[in-house]
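Residue-level structure breakdown
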Amino acid sequence: MSTTKLVIVMVLLLATATTSHAQWQQWQPLPDMPTARFGHCAVLYHDRVWNIGGKSQLGASLNSVDCYDLKTGQWDSSIPPLIHARFNAAAVVYRDTIFVLGGHNERQILNSVEFFDPVSQNWKEFTPLRRVREGLNAIVFEGKMYAIGGLSLSGLFPAPIDNIEYWDEQDQEWEEEASWHLITPRFLMQSLVVGRYVYTLGGLRFDKDLDVVERFATSIGGEPRRSLPSPRFYFSAVTVQNIIYILGGIRFLDTTSTQRFFTDSIELYEPEQDKWAQFNLRLPAPLAGFTSAVYKDKLYVFGGMDSNLKVLKAASQLGPYPTAVNEMDGAVKLPVQHQLCRNYPNPFNTVTTIHFQVAKAEPDLQLVIFNLLGMPLRRFALHSLAPGEHQLQWDGCDENGRTVAAGVYFAQLVSTDFRSPVLKLSFVK
């Protein structure tokens, strides 16, 4: 075999090995949950994922609990029901006990809290929260149980709040946290503890979905961090070796299509470096209002609602899971700003492909083709594109489908607050 052929074969083998390593993870279906549900909450407790409450396909609040045994791969529906049916609640394990906080029961937002008594094997009432809350987060941080944000009542009307309260073990009551408020009031977001910080990401206000990320530490208070690449709410999130995984959710980018409300994308956040990347796999389907958990070397997702507004029983696992460091290295790095890269062929006489990068989803982002006089001839709407690399084709026609004259034209990425450097296009006949 010649040296040249040997080098080519080695390169092909290395490429194949690299591709296999980067793509070896696959989603695997698990037995369906006994009850289809969305808007439920979940905790990992004693090698089982407890999926609690939520809503049914008919819109009824649920009080049932489905437990997935991670060792046997079997479902257990024998857990007694909640005292109060609820959806958009939060669940957390505090002092080796499962607590369920707040939520909604179709009639009103709740402040009720209940816990599962491992001795009597039943749910019991706990001291209610100071405020009613739905779409809140519950965490344990520095030994305290916290209820973060959510939708509450402001007078007669519900509104997102920045308020945080914690369980005072000594006084046996909930107290409002004086030193910690969310920078941005929100609900249907996610809050996770990574190291000595609490990170709160995304969520919803009535006027828009949010890309806001903030973190809190006792020593420094709250501070903003780099925004989510894609604004989203009703998503799920987990941490794997201090990397935050943002899974699915709803994106209000285009109200003309149900499909575009939901996303199956997974984004990774590295808190120490304040960097985002796109995971190289997607969820099994676009999902919202579902739960997730990480156990040993696998990632699990349960239930939720799909883009056809169907409430699901489906459960899936991804794994064995690679280390987070390798996953960040192998992930697609997201651009820090929108960028036009190149077009090929150039010059062209029929069609040219324009390559570009999107840093974050924007409702008014466009790629505009214009002539030497600066007159726009063709606009391509890019508002439904996820962050990352993309391409589109221009066939040398204007908005009315008429072929333009031979000559020099320019492409530019444009939004309300951004204009990229132009890309020169040469059209010949």
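Data block above holds the structure.
These remarks concern the structure in this document. Values in this document were obtained by computation on a predicted structure and should not be read as measured data.

1. Overview of the overall build of the protein
Helix and strand counts for the protein come out as 2 helices and 37 strands. Relative to all contacts within the protein whose residues are 6 or more apart in sequence, the contacts with residues 24 or more apart total 53%. Working note: accessible area of the protein is about 19,900 Å², and carbon and sulfur atoms make up 52% of it.

2. Notes on the side chain of Ser-230
Take Ser-230: it is sitting in the loop between strand 19 (221–225) and strand 20 (236–240). Of the residues examined, Ser-230 reaches a relative accessible area of 0% and is grouped as buried. Only 3.1 Å separates the side chain of Ser-230 from the side chain of Glu-267, close enough to count as a polar contact. Setting aside residues no more than four positions away along its own chain, Ser-230 makes contact with Arg-251, Glu-267 and Pro-387.

3. A short note on the nonpolar core
Core analysis: the biggest nonpolar cluster contains 21 residues, and Ile-354, Leu-367, Ile-369 and Trp-394 have the highest contact counts within it. Secondary-structure elements contributing two or more residues to this core are strand 31 (352–358), strand 32 (366–370), strand 33 (376–381), strand 34 (388–394), strand 35 (407–415) and strand 37 (423–427). Core analysis: the next-biggest nonpolar cluster, separate from the first, contains 17 residues, Leu-268, Phe-279, Leu-299 and Val-301 among them.

4. Examining the environment of Ser-191
Here Ser-191 shows up in strand 16 (residues 190–194). Judged by relative accessible area, Ser-191 falls into the buried class, the value being 9%. Sequence separation between Ser-191 and Glu-214 is 23 residues; the distance between their C-alpha atoms is 9.5 Å. Among the polar contacts listed, one links the side chain of Ser-191 to the side chain of Asn-137, at a separation of 2.8 Å. Within the structure, Ser-191 has its side chain in polar contact with the side chain of Thr-200 (distance 2.9 Å).

5. Overview of the pairing of strand 12 (residues 151–154)
Residues in a regular strand point their side chains to alternate faces of the sheet. Of the strand pairs in this sheet, strand 12 and strand 13 (residues 157–160) are connected by 4 bridges, and their pairing is antiparallel. Residue pairing across strands places Leu-151 opposite Pro-160, the latter belonging to strand 13.

6. Details of the packing of aromatic side chains
For the structure shown, the criterion picks out 30 aromatic pairs. Here Lys-144 stacks its cationic end above the ring of Tyr-166, 4.4 Å away from the centre of that ring. Over the ring of Tyr-197 we find Arg-215, and its NZ or CZ is 3.9 Å from the ring centre.

7. A look at unusual backbone geometry
A cis amide bond links Tyr-344 to the next residue, Pro-345, at an omega of -5°. Here the phi dihedral of Asn-88 falls at roughly 55°; this positive angle occurs in a residue that is not glycine. Within the element layout of this structure, Asn-88 appears in the loop between strand 5 (74–76) and strand 6 (90–94). The exposure class assigned to Asn-88 is buried, which follows from its relative accessible area of 10%. A positive phi is found at Gln-121, a non-glycine position, where the angle reads about 60°. By secondary structure assignment, the location of Gln-121 is in the loop between strand 8 (113–117) and strand 9 (122–126).

8. What about the pattern of salt bridges?
Two side chains of opposite charge can pair, provided their charged atoms sit close to one another. In total, this model carries 18 salt bridges according to the counting rule given. The salt bridge partner of Lys-71 is Asp-47, with a shortest N-O separation of 3.3 Å. Of this pair, Lys-71 sits in the loop between strand 4 (65–69) and strand 5 while Asp-47 sits in the loop between strand 2 (41–45) and strand 3 (48–52), placing them 24 residues apart in sequence. We classify Asp-47 as partly exposed; its relative accessible area is 28%. The salt bridge partner of Glu-223 is Arg-215, with a shortest N-O separation of 2.5 Å.

Each value, and the rule that gives it
Along each chain, the written sequence defines residue order, and numbers are assigned to residues from 1. At least 70 in pLDDT is required for a residue's local features to be given in this predicted model, at least 80 for side-chain atom pairs to be given and counted, and no such filter applies to totals for whole chains, interfaces and linings, which use all residues. Note that water and hydrogens are dropped before the side-chain values are worked out from all heavy atoms of the structure. Working definition: helices are DSSP H or I runs of at least four residues, strands are E runs of at least two. Numbering for both runs from the N terminus. Two residues form a contact once any of their heavy atoms are found within 4.5 Å. A 1.4 Å probe and the Shrake-Rupley method give the accessible areas. Residues count as covered only by the protein chains that appear here. Each residue is placed in one exposure class: buried if its accessible area under a 1.4 Å probe, protein chains only, is under 20% of its type's maximum, exposed if it is over 50%, and partly exposed if it falls in between. Side-chain atoms alone can form a polar contact between residues adjacent in sequence; in general such a contact is a pair of N or O atoms within 3.5 Å, and within protein one must be able to donate a hydrogen while the other accepts it. Only buried Ala, Val, Leu, Ile, Met, Phe, Trp, Tyr and Cys residues count toward a nonpolar core, and they belong to the same one when joined by side-chain atoms within 4.5 Å. Note on pairing: DSSP must find at least two bridges between two strands before they are called paired. For Phe, Tyr and Trp, rings pair up if their centres lie within 6.5 Å, where Trp contributes its six-membered ring, and each pair is then called stacked (planes under 30 degrees apart), edge-to-face (over 60) or tilted (otherwise). Placement of a charge over a ring requires the Lys NZ or Arg CZ to be within 6 Å of the ring centre, with the centre-to-atom vector within 35 degrees of the ring normal. By definition, a salt bridge exists where a carboxyl oxygen of Asp or Glu is found within 4 Å of a side-chain nitrogen of Lys or Arg.

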